[in-house]
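Overview (structure and organization)
Spelled out, the chains give:
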Amino acid sequence: MVPGDGAVTLRLSLPPVEESDIAEAVAVLRSGWLTQGGRVAAFERDFAALVGTPHAIAVSSGTAALHLALIAGGVGPGERVAVSAYSWPATANAVVLSGAEPVFVDIEPRTFGMDPGRLEETLTAAGDIRTVLPVHAFGCSAEIREIGEVAERHGAQVVEDAACAIGAVRDGRPIGSWGRLGCFSFHPRKIVTTGEGGMVTTSEPELDRRLRALRNHGQDPAHSSPDFIEPGFNYRLTEFQAALGAGQLGRLGATLAARRELARRYDDLFRGSSLEPLGGGTAGAHVYQSYIVLLPAAAAAERAAILAALRERGIESTIGTYHIPLTTYYRRRFKFIEGGFPVTDDLSSRAIALPLYSGLSPESQARVAHELLALV
Ligand SMILES: *Cc1c(COP(=O)(O)O)cnc(C)c1O
């Protein structure tokens with residue numbers, strides 16, 4: 001039996017960790033070599049092959065990936081970065097923690113990603129923005145081709161927040177390879193997990209070198225005897241974490257097929273109802289890190305009550321993600337009010353994430369749909 005898929009509570013998500021992954025991690029723990037060895041290097045090679053970039057640099061979290069990617073991309077004090085308004089706060093926090101200032105851009109309703117038209121307006125009005133940080137929300141790839149074209153016209157680089165989007169492909173090109181830098185997370189709610197962990201992808205050897213130095217106290221990876229070229233962090237991934245993730249990466253194709261099948265079943269259950277699923281657009285573009293439905297506008301005010309009622313019925317669900325400009329820090333700092341980001345205002349008030357994990361049965365999915373539809 002899958003833990004969580006019993007009569008008691010349907011969990012929102014379950015990590016796709018198998019006994020073989022645990023055995024690999026335990027073997028590393030027994031080996032006595034816990035960090036900076038061959039497992040991380042192998043994990044990086046497999047990840048680079050998946051994303052199709054020459055370089056992949058493992059780090060200790062998705063937030064660390066964003067932080068280092070921004071610093072390596074030259075983002076710092078005095079810079080401004082265009083950021084998607086609808087995301088986990090880490091996206092904007094990484095900009096602030098690198099010393100730069102976020103400029104939020106509203107999303108569009110097809111992918112919940114940064115709206116290329118709004119980005120064009122923002123870059124035209126600002127003039128000084130040299131970095132664009134779009135988010136592939138819930139594993140659904142943003143309109144990254146259009147975003148990239150707008151950024152290029154304005155001389156800005158793109159750093160992708162692909163934390164949720166491992167394995168996603170837009171127009172035949174893997175997410176994480178469109179931008180100058182791509183950032184991934186291996187948090188347990190993501191599709192591949194190492195407990196905590198992350199990865200940065202890039203095609204540029206100089207960025208690879210800088211990222212490797214920054215994650216390891218500034219030590220130059222190109223120098224045989226230890227030399228330190230700048231103050232760096234300790235953002236390393238451990239060997240046992242890499243061992244835990246390696247098998248999951250190898251099974252990614254099957255995992256994504258299973259997630260898409262689960263999503264298709266939910267789509268069928270909600271077809272013709274007042275609930276509107278977040279679609280994927282083209283095939284391959286959505287890996288369903290989360291399965292999101294939108295409540296009808298009239299039910300938005302009831303969302304908290306609906307989530308509580310589902311919990312009472314043994315179904316774990318949550319809001320999609322966050323309207324970052326309206327969280328306390330950003331609201332106070334920039335004096336944001338509701339109305340400033342109309343699409344984010346609307347969608348962030350109506351989104352619900354439903355249980356989705358390998359092994360979730362058709363019966364359980366039918367129960368989720370039945371209970372939710374009875375509440376709206
Ligand atoms: C999870 C997530 C992050 C942060 O990743 P961590 O590994 O938890 O630090 C950043 N951005 C997005 C969009 C995420 O979903």
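Refer to the preceding data block for the structure.
Rules behind the numbers
Residues numbered from 1 in each chain as written. Predicted model: local features only at pLDDT ≥ 70, side-chain atom pairs only at ≥ 80, totals over all residues. Heavy atoms only, no water. Helix = DSSP H or I, 4+ residues; strand = E, 2+ residues; numbered from the N terminus. Rg over C-alpha atoms; globule rule 2.2 N^0.38 Å. Buried < 20%, exposed > 50% of the residue type's maximum accessible area, 1.4 Å probe, protein only. Pairing = 2+ DSSP bridges. Expected span 1.5 Å × (residues − 1). Contact = heavy atoms within 4.5 Å. Phe/Tyr/Trp six-rings, centres within 6.5 Å; stacked < 30°, edge-to-face > 60°. Near = heavy atom within 4 Å. Polar contact = N/O pair within 3.5 Å; in protein donor to acceptor, adjacent residues only side chain to side chain. Nonpolar A, V, L, I, M, F, W, Y, C, P; charged D, E, K, R; others polar. Core = buried A, V, L, I, M, F, W, Y, C linked by side-chain atoms within 4.5 Å. Axes fitted to C-alpha atoms, helices over the stretch in contact; angles between N-to-C directions.

The next thing to look at is the overall build of the chain. Each helix and strand in the chain was counted, giving 13 helices and 15 strands. For 376 residues, the compact-globule formula gives about 21 Å, and the C-alpha radius of gyration of the chain, at 21 Å, lands near that figure. Principal-axis analysis of the C-alpha atoms places the extent of the chain at approximately 65 × 55 × 35 Å. For the chain, the proportion of its 376 residues judged to be buried stands at 54%.

Let us look at the pairing of strand β9 (residues 181–185). Taking burial as the measure, the 5 residues of β9 include 5 buried ones, the bulk of the element. Taking every second residue as pointing to the same face, both faces of β9 are buried, with L181, C183 and S185 on one and G182 and F184 on the other. Examined bridge by bridge, strand β6 (residues 157–161) and β9 share 3 bridges and lie parallel to one another. Pairing of D161 across the sheet is with C183, part of β9. One ladder, built from 5 bridges, connects β9 with strand β10 (residues 198–202); its direction is antiparallel. Bridge pairing in β10 places G182 opposite T201.

Taking 1.5 Å of rise per residue, 14 residues should cover 20 Å, and helix α13 (residues 362–375) covers 20 Å from first to last C-alpha, within 8% of that figure. Among the residues of α13, those classed as buried are S364, Q365, V368, A369, E371 and L372. On its buried face, α13 is in contact with α9 (252–270), β12 (291–294), α10 (303–312) and β15 (351–354).

To continue, consider the packing of aromatic side chains. The full count for this structure, using the stated rule, is 18 aromatic pairs. Taking the centre distance of 5.7 Å and the plane angle of 80° together, the rings of F47 and F186 count as edge-to-face. One end of the pair, F47, is in helix α2 (residues 38–51); the other, F186, is in the loop between β9 and β10, and 139 residues separate them in sequence. Each member of the pair, F47 as well as F186, carries the same accessibility label: buried. A centroid spacing of 6.1 Å and a plane angle of 20° characterise the contact between Y288 and Y291, whose relative ring orientation is stacked.

Not every one of the 16 residues close to the ligand is listed here, only the nearest: G62, T63, D161, S185 and K190. Taking S185, its side chain carries an N or O atom lying 2.7 Å from an oxygen atom of the ligand. A distance of 3.0 Å separates an oxygen atom of the ligand from a polar side-chain atom of K190. Elements with a contribution of two residues or more to the shell around the ligand: α3 (62–72) and α4 (90–97). With 3 residues, α3 is the largest single contributor of residues to the shell around the ligand. Considering only residue class, the shell around the ligand consists of 6 nonpolar, 8 polar and 2 charged.

This brings us to the nonpolar core. In terms of nonpolar packing, the biggest core is built from 39 residues, with F47, L119, V132, I166 and M199 touching the most fellow members. If you list the elements that add at least two residues to this core, you get α2, β1 (55–59), β4 (101–105), α5 (116–126), β5 (129–133), α6 (144–153), α8 (239–250) and α9. If one sorts the elements of this core by residue count, α2 sits on top with 5 residues. Among the nonpolar cores identified, the runner-up in size contains 32 residues, and V59, V81, V83 and F341 belong to it.

Looking now at unusual backbone geometry. Positioned with a positive phi, H217 is a non-glycine residue whose angle comes to about 65°. Inspection of the secondary structure puts H217 in the loop between α7 (205–215) and α8. In this structure, Y288 is a non-glycine residue whose phi angle is positive, near 55°. With respect to the helices and strands, the residue Y288 is situated in the loop between β11 (276–277) and β12. By relative accessible area, which is 9% here, Y288 ends up buried.

All right, on to the environment of E276 then. Summarising the element assignment, E276 is placed in strand β11. Residue class for E276 comes out partly exposed when judged on its relative accessible area of 45%. Spatially, the C-alpha atoms of E276 and L249 are 31 Å apart, while their sequence positions differ by 27 residues. Apart from residues lying up to four places away in sequence, E276 is in contact with I292, V293, L294 and R350.

Pairing within the open sheet is antiparallel, and its 4 strands lie in the order β11-β12-β15-β13. Either end of the sheet is taken by a strand with one partner, and the two such strands are β11 and β13 (318–319). Alignment of β13 against β15, held across 2 bridges, turns out to be antiparallel. The residue bridging T318 from the neighbouring strand is A353, located in β15. Along the sheet, α9 makes contact with β11, β12 and β15, crossing β12 at roughly 20°.

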